[in-house]
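# Breakdown of the fold
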Amino acid sequence: MQELMTIILAAGAGTRMKSSIAKVAHTVCGKPLLSYVVDAASAAGSSQIVLVLGHQAQQVREIAPKDAVCVMQEKQLGTGHAVMSAREQLESRTGTVLILCGDTPLITGQTLKKAYEHHVQERNDITVLTAVMDDPTGYGRIIRGSDGRVRAIVEHKDATDDERLVREINSGMYFFEIPALLSALNGLSNQNSQNEYYLTDTLSGILNAGGRAGTYVISDSKEIMGVNDRCQLAEAEKYINNRNITLHMKNGVTFYLPETTLIHSDITIGRDTVIYPGCVLEKGTSIGEACVIGPDTRISNSIIGNHTHIMNSVVTNAAVGDDEKLGPFAVIIAPGL
């Protein structure tokens, strides 16, 4: 597989969040939105992460990986302009670049890896990740030619009545061959109603230059969901919480009424542990094997040994050994591990 780099667009103001916190720094299941996207890109095989920053750049730098390259988009003039901000990084590399948005925490590394393999096998210059939606309102539509290949991306507001009947939509995620992208960026124009440079316009530029364009249809359309307001943040939390619990159940953990429990991402729970209803298990937590946790127990940034029972209690920044019994109504709050 050829070299892969990733550009993550994280410069937006996120005004609909109505917050002093940068949008991509908001957390879902204890982890910033941006971190999910970075992890997915890395799992897909990306050897370099480039973050395009703008509004509240310092906040975003604080949650960025130490080895990520950060570039500034001083003025937000569209997605195409954002990618132009990373031109220096593109010009120093060959191979493929993956373009992602920093507010799409549901996308998985497995999906991106399969899409990348498809992109390489098809020898595309651009592969647009798409999804089929029951209600595509507001999304750009994928318009195909008589040969079935993608020919255009038409924004909802610009689509004809017939085009609006198309249910396949643009996810805003793309794989590009870097030389084809650089050439297409040179031809971008901001002559449109928004006076912005649209990354979607690179598709026509690549096709007009004789390049090859294709799509990869994501089977679970939920994965492309962006988080633009608090309602979508809550929806993403519910989805990832369910994903986390399902993973633990497949690894041998029992949950009674799992829909009542909140499990942060990246915690560990040993097999044969039982989680009762109403529990909150927060980041930095590791629970051993054959434990009984809950009901109504909160554990944060703590290490719990094997065969330990904790009932109706709060444990924060603490270590609880093997074969212990804690609660009901115990509170352990230590300065930190």
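Below: a short report on this structure. (Residues numbered from 1 in each chain as written. Predicted model: local features only at pLDDT ≥ 70, side-chain atom pairs only at ≥ 80, totals over all residues. Heavy atoms only, no water.)

## A few points about the pairing of strand β8 (residues 141-144)
What counts is decided by this rule: Any two strands between which DSSP finds at least two bridges are classified as paired. The way it works is that DSSP assigns letters per residue, a run of H or I at least four long becomes a helix, a run of E at least two long becomes a strand, and they are numbered from the N terminus.
For β8 and strand β9 (residues 150-154), the ladder comprises four bridges, and the chain directions are antiparallel. Of the residues in β9, the one forming a bridge with Arg141 is Val154. The antiparallel pairing of β8 with β9 creates a hairpin that spans five residues between the two strands, and Gly148 there sits at a positive phi of about 85°.

## What about the side chain of Thr6?
The condition is simple: The term polar contact refers here to a pair of N or O atoms within 3.5 Å; inside protein, the definition further demands a hydrogen-donor-capable atom paired with an acceptor-capable atom, and it admits residues adjacent in sequence only when both atoms are side-chain atoms. Two residues form a contact once any of their heavy atoms are found within 4.5 Å.
Along the chain, Thr6 turns up in strand β1 (residues 4-10). Of note is the side chain of Thr6, whose polar atom sits 2.9 Å from the side chain of Ser46. The contact partners of Thr6, leaving out residues within four places of it in the chain, are Ala41, Ser46, Gln48, Ile49, Val50, Leu98 and Leu100.

## Here we look at the packing of aromatic side chains
What counts here: Stacked, tilted and edge-to-face are the three classes assigned to paired rings of Phe, Tyr and Trp, where Trp is represented by its six-membered ring and a pair needs centres within 6.5 Å; plane angles under 30 degrees give stacked, over 60 edge-to-face, the rest tilted. Think of it in three bands: with a 1.4 Å probe and only protein chains considered, a residue is buried below 20% of the maximum accessible area for its type, exposed above 50%, and partly exposed in between. Lysine and arginine charges are scored as sitting over a ring when NZ or CZ, respectively, is within 6 Å of the ring centre and within 35 degrees of the ring normal.
Inspection of the entire model under this criterion finds three aromatic pairs. Ring centres 5.5 Å apart and planes at 15° place the aromatic pair Tyr116 and Phe175 in the stacked group. Note that Tyr116 is positioned in helix α5 (residues 109-122) and Phe175 in strand β10 (residues 168-177), a separation of 59 residues in sequence. Under the relative-accessibility criterion, Tyr116 is labelled buried at 3%. Judged by centre distance (5.0 Å) and plane angle (70°), the ring pair of Tyr256 and Tyr276 falls under edge-to-face. Separated by 20 residues along the polypeptide, Tyr256 in the loop between β12 (254-255) and β13 (262-263) and Tyr276 in the loop between β15 (274-275) and β16 (280-281) bring together distant segments of the chain. A relative accessible area of 39% places Tyr256 in the partly exposed class. The residue whose ring lies beneath Lys31 is Tyr36, and the NZ or CZ to ring-centre distance is 4.8 Å.

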